[in-house]
Amino acid sequence: MLHAGMTISARDHCLESAVEAIGDTPLVDLRRFAAHLEGRILAKLEYLNPGFSKKDRIARQMIEDAEQDGTLHPGQTVVELTSGNTGTGLALVCAVKGYPFVAVMSRGNSPERACMMAALGAEVVLVDQLPGSPPGQVSGGDLERVDRETVRLVAERKAFRADQFRHQGNFRAHYLHTGPEILRQSGKPIDAFCDFVGTGGTFAGCAAALREANPTTRCYVVEPEGAAVLAGLPLVRPNHRIQGGGYAMPDLLFPQAVRIDGFIAVSDEEAIAAARRLARLEGVFAGFSSGANVAAATKLLEGPCRGQTVVTMLNDSGLKYLSTDLWG
Ligand SMILES: Cc1ncc(COP(=O)(O)O)c(C=O)c1O
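Figured I'd write up the structure that's included with this text.

Conventions adopted
- Residues numbered from 1 in each chain as written.
- Predicted model: local features only at pLDDT ≥ 70, side-chain atom pairs only at ≥ 80, totals over all residues.
- Heavy atoms only, no water.
- Buried < 20%, exposed > 50% of the residue type's maximum accessible area, 1.4 Å probe, protein only.
- Helix = DSSP H or I, 4+ residues; strand = E, 2+ residues; numbered from the N terminus.
- Pairing = 2+ DSSP bridges.
- Right-handed = clockwise from strand over helix to strand, strands pointing away.
- Axes fitted to C-alpha atoms, helices over the stretch in contact; angles between N-to-C directions.
- Parallel < 35°, antiparallel > 145°, perpendicular 65-115°, else oblique.
- Left-handed = near helix turned anticlockwise from the far one by under 90°.
- Contact = heavy atoms within 4.5 Å.
- Nonpolar A, V, L, I, M, F, W, Y, C, P; charged D, E, K, R; others polar.
- Phe/Tyr/Trp six-rings, centres within 6.5 Å; stacked < 30°, edge-to-face > 60°.
- Disulfide = S-S within 2.5 Å.
- Expected span 1.5 Å × (residues − 1).
- Near = heavy atom within 4 Å.
- Polar contact = N/O pair within 3.5 Å; in protein donor to acceptor, adjacent residues only side chain to side chain.
- 1 Å grid on protein atoms, 1.4 Å probe; cavity = no way out; pocket = protein on both sides within 12 Å on 5 of 7 lines; lining within 4 Å.
- Sits in = over half its atoms within 2 Å of the grid points.

### Focus: the pairing of strand β7 (residues 192-196)
In summary, the side chains of a regular strand alternate between the two faces of the sheet.
Part 1 of the argument: Of all five residues that make up β7, five are buried, and the element is covered over most of its length.
Part 2 of the argument: Because side chains alternate across β7, one face comprises the buried residues Ala192, Cys194 and Phe196, and the other comprises Phe193 and Asp195, equally buried.
Part 3 of the argument: Summarising the sheet, β7 and strand β8 (residues 218-224) pair through five bridges and their orientation is parallel. Considered in β8, the bridge of Phe196 is made with Val222.
Part 4 of the argument: Remark: the β7/helix α6 (residues 201-213)/β8 crossover connection has right-handed handedness.

### Points about the packing of helix α1 (residues 55-69) against helix α2 (residues 85-97)
Part 1 of the argument: At a minimum axis distance of 7 Å, the contact between α1 and α2 shows a crossing angle of 50°. The angle between α1 and α2 falls in the class oblique. Crossing of α1 against α2: the hand is right-handed. Together, Lys55, Asp56, Ile58, Ala59, Arg60, Met62, Ile63, Glu64 and Glu67 of α1 and Asn85, Thr86, Gly89, Leu90, Leu92, Val93, Cys94 and Lys97 of α2 make up the contact between the two elements.
Part 2 of the argument: Looking at the contact of α1 with α2 residue by residue, the classes come out as eight nonpolar, three polar and six charged.

### Some words on the packing of aromatic side chains
Part 1 of the argument: If you walk through the whole model with that rule in mind, you get five aromatic pairs.
Part 2 of the argument: Geometrically, the ring pair formed by Phe285 and Trp327 is stacked, given 4.4 Å between the ring centres and 25° between the ring planes. Here Phe285, found in the loop between α8 (268-282) and α9 (288-302), pairs with Trp327, found in the segment after β10 (309-314); they are 42 residues apart in sequence, far enough to count as distant.
Part 3 of the argument: Ring centres 5.1 Å apart and planes at 90° place the aromatic pair Phe288 and Tyr321 in the edge-to-face group. Linking Phe288 in helix α9 with Tyr321 in the segment after β10, this pair joins segments that are 33 residues apart in sequence.

### Topic: the state of the cysteines
Part 1 of the argument: What the rule picks out here adds up to zero disulfides.
Part 2 of the argument: In this model Cys305 remains outside any disulfide bridge; the closest cysteine sulfur is found in Cys194, 8.4 Å from its own.
Part 3 of the argument: Relative accessible area serves as the criterion here: at 0%, Cys305 is assigned to the buried category.

### Brief notes about the sheet that holds strand β3 (residues 78-81)
Part 1 of the argument: The four strands are arranged β5-β4-β3-β6 in an open sheet whose pairing can be described as parallel. Both edges of this open sheet fall to β5 (123-127) and β6 (160-161), since each of them pairs with a single strand only.
Part 2 of the argument: Both strand β4 (residues 101-106) and β5 contribute to a ladder of five bridges, which runs parallel. Following the sheet pairing, Val104 is matched in β5 by Val125.

### A look at α6
Part 1 of the argument: Relative to the 18 Å expected for 13 residues at 1.5 Å per residue, α6 spans 19 Å between its end C-alpha atoms, a close match to the ideal helical length.
Part 2 of the argument: Most of α6 sits inside the fold, with ten of its 13 residues counted as buried.
Part 3 of the argument: The set of residues buried in α6 consists of Gly201, Thr202, Phe203, Ala204, Gly205, Cys206, Ala207, Ala209, Leu210 and Arg211.

### Description of the site of the ligand
Part 1 of the argument: Residues in close proximity to the ligand total 17 residues, the closest being Lys55, Gly198, Thr199, Thr202 and Ser289.
Part 2 of the argument: Backbone polar atom of Gly198 to an oxygen atom of the ligand: 2.7 Å apart, as the coordinates give it.
Part 3 of the argument: Thr202 is positioned with one of its side-chain polar atoms (N or O) 2.5 Å from an oxygen atom of the ligand.
Part 4 of the argument: Spatially, the ligand is embedded in the largest cavity.

### A few points about the packing of α8 against α9
Part 1 of the argument: With their axes 7 Å apart at the nearest point, α8 and α9 run at an angle of 95° to one another. It follows from the interaxial angle that α8 and α9 lie roughly perpendicular. From α8, Glu270, Ala271, Ile272, Ala274, Ala275 and Leu278 reach across to α9, where they touch Phe288, Gly291, Ala292, Val294, Ala295 and Lys299.

### Section: the sheet that holds strand β2 (residues 40-45)
Part 1 of the argument: Taken in spatial order, the six strands of this open sheet run β1-β2-β10-β7-β8-β9, and their pairing is mixed. Only two strands of the sheet have a single neighbouring strand rather than two, namely β1 (27-29) and β9 (262-266). Across the sheet, the mean angle from the axis of one strand to that of its neighbour is 25°, orientation sign disregarded.
Part 2 of the argument: Across three bridges, β1 lies against β2 in antiparallel orientation. Among the inter-strand pairings, Val28 is bridged to a residue of β2, identified as Ala43.

Rendered as structure tokens:
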């Protein structure tokens with residue numbers, strides 16, 4: 001009911017589009033999950049972005065940076081190699097801004113992602129995995145195939161390739177927004193940060209922002225056990241279940257540009273067990289790589305960060321894995 005003196009102003013609280021709803025995700029203290037540990041795990045609930053992953057952030061930043069610097073023209077087709085999440089972010093940003101979008105993805109990623117991108121208006125091109133690569137386990141070799149198809153499509157369509165492995169918008173999204181949000185929300189300096197690396201854009205952008213506020217913040221790269229090549233270990237298991245990263249690429253552009261204080265390897269089983277505990281204990285329904293991150297944060301609190309505060313990212317929604325056995 002309207003009271004005397006109240007006015008209705010539809011513009012006051014409305015966003016101009018779903019793109020404006022990207023970012024400003026909550027930071028949650030995982031007290032129940034970490035009850036048996038000395039210290040705190042603070043988790044950024046990135047699955048609450050409109051495309052249900054943190055990659056919405058880079059989709060918006062890469063497109064808006066490219067609009068500004070003139071590398072993307074009005075109405076030009078956008079093409080991107082994706083494990084599904086960047087593609088979903090780009091699909092929704094391109095839908096709102098009026099760019100045709102083509103997502104190129106390995107058939108090894110979960111089908112929910114292809115379905116969601118298509119629903120958002122994207123053309124989805126699925127690339128077969130290498131012979132012997134199991135579905136749900138995308139290797140660096142599988143990704144090379146996707147890259148070749150992406151290059152072909154970019155030339156054919158005279159398209160703008162967002163290029164998340166190289167475009168500075170990836171780093172800038174996290175340097176300008178995710179990192180500063182964590183600093184604002186935690187209210188105190190962060191002892192440590194860890195993140196499962198795909199492109200490493202999140203890791204590098206957050207590390208740079210957190211260290212600007214507190215140079216002693218330690219930043220740890222999370223990798224799959226058996227594919228921990230950034231840690232300098234040999235590649236013994238290229239296929240793993242932690243979708244969205246762990247591609248065993250030793251020369252990633254973004255992580256090379258920042259100091260890395262340490263490396264944590266997480267097995268599929270540890271990531272799955274942690275994702276399930278998160279759901280049961282915290283009401284947090286997130287995917288494999290989020291499980292990997294909280295498993296890594298647990299290892300930090302049991303080891304070098306005992307008694308301290310570790311921040312990590314809950315990268316995408318558990319809904320993206322209903323077709324897998326993550327939930328039983
Ligand atoms: C579910 C998920 N986790 C982790 C990552 C890795 O993030 P970044 O590319 O910023 O290293 C991605 C990237 O696509 C992802 O989709």
